[in-house]
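Here is how the chains run, residue by residue.
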Amino acid sequence: MLNKVKKYINDHRLLEADKRYLVALSGGADSVCLLLVLKQLGYQIEAVHCNFLLRGDESHRDEVFAHSLCEAFSIPFHVIHFDTRTYAQLHKISIEMAARDLRYQYFENLRRDILADGICVAHHQDDSVETILMNLLRGTGIHGLSGIKPRNGYILRPLLCVSRKEIEAWLDERHQTYVTDSTNLEADVVRNKLRLNIIPQLHNITPSAVSNILDTAQHISEATAVYDHYMQEALNRLVDSNSIAICDLLQEPSPESLLHQWLSQYGFPSALIQSIWNSVAISQSGAEWYSATHQLTISRGKLIVEPKQAERPTLRIPETGVYIYDDNTKIRLSTKEGANIIPTPTIACLDAEKVKFPVILRPVAKGDRFTPYGMKGSKLISDYLTDRHLSVFEKRRTLVLCQSDGTILWLAGYRPDAHFCVTSSTHSTLIITLEIQE
């Protein structure tokens, strides 16, 4: 067992002899084995126990056992209590998800506090098989079939090379006790049903079932490396800033997979990406989709993704000066004698005598109309922006400066209204500068 784990650690470069690591210690067989194996292999370890206060006396028993075990082997011990049920209610998540969130948040905070280099958890081969089967039942892509990884950031899994049976045998040989979480013996959640009912049946069908599943997962993991390499290379070719041309995407061998790879990093779930793909196939322009953090649209043959836009405010400007519009935008208004023209899109030069304060800076609204300088007749701003090939998201970011009666003075960044422009008879110029910090 020791040699097997040591080889696995070295092969995957999980631990280093001169660094400190936390070990998640529940008191169960898996975590006790992990703690003692790492101790015997000579690594610098400290144990951390989470009491979720969910099982009454049994929770207290587990904490006492874990503490006593660490005292017996002179291992530093950390413990924390969580009000898990309240956390789950507040965040509207399951007890299982609440416990997971609390546990890993605390592990990471403690790791930083004591300057540890990693957090060792006791996942083993059986856990990896259970995860593969759970993902298969839920529906998964290629990554979900490759099993648990030995490293995920600071989370390290040195026991993935051994089975639960090997762990229990090793502990029995040493007459080392451990505690059993009674909830793990109840076939009430999916993982427990797989552990207690399905996997034993697979063993009855094929004694090497677990080993075969893990071998397959390893083959898939190797194939995944090739898959990821191709996907990244293809996306590097296809993605232009924040967009992909649909015609280019459709020429790839697996455009739907590329779409999943691209959009999943922005938080779009698989079901929504499938809906997006259906629209891509017919190039449905103007459609919009949203993840928790990003928004996506199809515009002029392109898929465009960008961070969600916050609702933009309306700013009333009573006189010349410098005004903050939002975190990234401010507007500067000043006057200068005579007729002045500054040929820059972010600066408007208006006849000061024609402008009546207060003026208002706001997003473009439906029905806004102006007479663009240099053009004949009025035009809907929405049509003007469409002619400039702006996407729906770019249109929503566009601002107008208007008078209090709604008369448009300037389509910011594009054109002033012809009625307010500087002429040869202008005595004073109102110079308006929109400063946007990217």
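Notes on the structure in this doc start here. Bear in mind the structure is a predicted one, so any value in this text is a computation, not a measurement. Each chain has its residues counted from 1, following the order in which its sequence is written. In view of the model being predicted, local features appear only for residues whose pLDDT reaches at least 70, and side-chain atom pairs are presented and counted only at 80 or more, with totals across whole chains, interfaces and linings using the full set of residues. Here the side-chain values reflect all heavy atoms present in the structure, with hydrogen atoms and water set aside.

Some points on the environment of V121
Alright, step 1. In DSSP terms, a helix is any run of H or I states spanning at least four residues, a strand is any run of E spanning at least two, and both are numbered starting from the N terminus. Mapped onto the elements, V121 comes out in the loop between β4 (119-120) and α6 (125-138).
Alright, step 2. In this scheme, a residue with accessible area under 20% of its type's maximum is buried, one over 50% is exposed, and one in between is partly exposed, where area comes from a 1.4 Å probe on protein chains only. Classification of V121 by relative accessible area gives buried; the value is 5%.
Alright, step 3. Along the primary structure V121 and D62 are separated by 59 residues, whereas in three dimensions their C-alpha atoms are 17 Å apart.
Alright, step 4. Not counting residues within four places of it along the chain, the set of residues in contact with V121 comprises A24, L34, Y104, I155, L156, R157 and P158. By the convention used here, residues are in contact when the closest approach between their heavy atoms is within 4.5 Å.

Considering the side chain of H124
Alright, step 1. Mapped onto the fold, H124 is located in the loop between β4 and α6.
Alright, step 2. Classification of H124 by relative accessible area gives buried; the value is 0%.
Alright, step 3. H124 has contacts with D30, L159, L160, V162, S163, R164 and I167, leaving out every residue within four places of it along the chain.

Quick look at the sheet that holds strand β14 (residues 329-337)
Alright, step 1. Between any two strands, pairing holds if DSSP finds at least two bridges. The strand order across the open sheet built from four strands is β13-β14-β22-β15, with neighbouring strands paired in antiparallel fashion. Edge positions in the sheet fall to β13 (321-326) and β15 (347-351), since each of these pairs with one other strand and no more. The mean inter-strand angle of the sheet, taken between neighbouring strand axes irrespective of direction, is 20 degrees.
Alright, step 2. Strand direction decides the pairing type here: β15 and strand β22 (residues 428-436), joined by five bridges, are antiparallel. Considered in β22, the bridge of L350 is made with L430. Fitted lines through C-alpha atoms serve as axes, helices being fitted only where they are in contact, and the angles separating the N-to-C directions of these axes extend from 0 to 180 degrees.

Notes on the sheet that holds strand β16 (residues 359-363)
Alright, step 1. Pairing is antiparallel across the open sheet formed by five strands, whose spatial order is β12-β16-β19-β20-β21. The sheet terminates laterally at β12 (315-317) and β21 (415-416), the two strands that pair on one side only.
Alright, step 2. Sheet analysis places strand β19 (residues 399-403) next to strand β20 (residues 408-411), joined by three bridges and oriented antiparallel. Across the sheet, residue L401 finds its bridge partner in β20, namely W410.

Points about the packing of helix α2 (residues 29-40) against helix α7 (residues 164-173)
Geometrically, a packed helix pair is captured by the angle between its two axes and the distance between the axes.
Alright, step 1. Between α2 and α7, the least distance of the axes is 10 Å, while the angle of their chain directions is 65 degrees. Judged on the interaxial angle alone, α7 and α2 are roughly perpendicular. Note that α2 runs across α7; the crossing there is left-handed. Of α7, the residues touching α2 (which contributes A29, D30, V32, C33, L36, V37 and Q40) are R164, I167, E168, W170 and L171.
Alright, step 2. Looking at the contact of α2 with α7 residue by residue, the class counts come to eight nonpolar, one polar and three charged. Here the angle decides the label: under 35 degrees means roughly parallel, over 145 means roughly antiparallel, 65 to 115 means roughly perpendicular, and every other value means oblique. Note on convention: the crossing is left-handed when the near helix lies turned anticlockwise from the far helix by less than a right angle, right-handed when the turn is clockwise. Three categories are distinguished: nonpolar for Ala, Val, Leu, Ile, Met, Phe, Trp, Tyr, Cys and Pro, charged for Asp, Glu, Lys and Arg, and polar for the others, with Gly belonging to the last.

Things to note about the state of the cysteines
Alright, step 1. Disulfides are defined as pairs of cysteine sulfur atoms found within 2.5 Å of each other. One pass over the full model with this rule turns up zero disulfides.
Alright, step 2. Of the cysteine sulfurs around C33, a residue in no disulfide, the closest is that of C161, at 9.4 Å.
Alright, step 3. Here C33 falls in the buried class, since its relative accessible area comes to 0%.

Things to note about the side chain of T329
Alright, step 1. Inspection of the secondary structure puts T329 in strand β14.
Alright, step 2. The exposure class assigned to T329 is buried, which follows from its relative accessible area of 4%.
Alright, step 3. Residue contacts for T329: discarding those within four places in its chain leaves R312, I324, L399, L434, E435 and I436.

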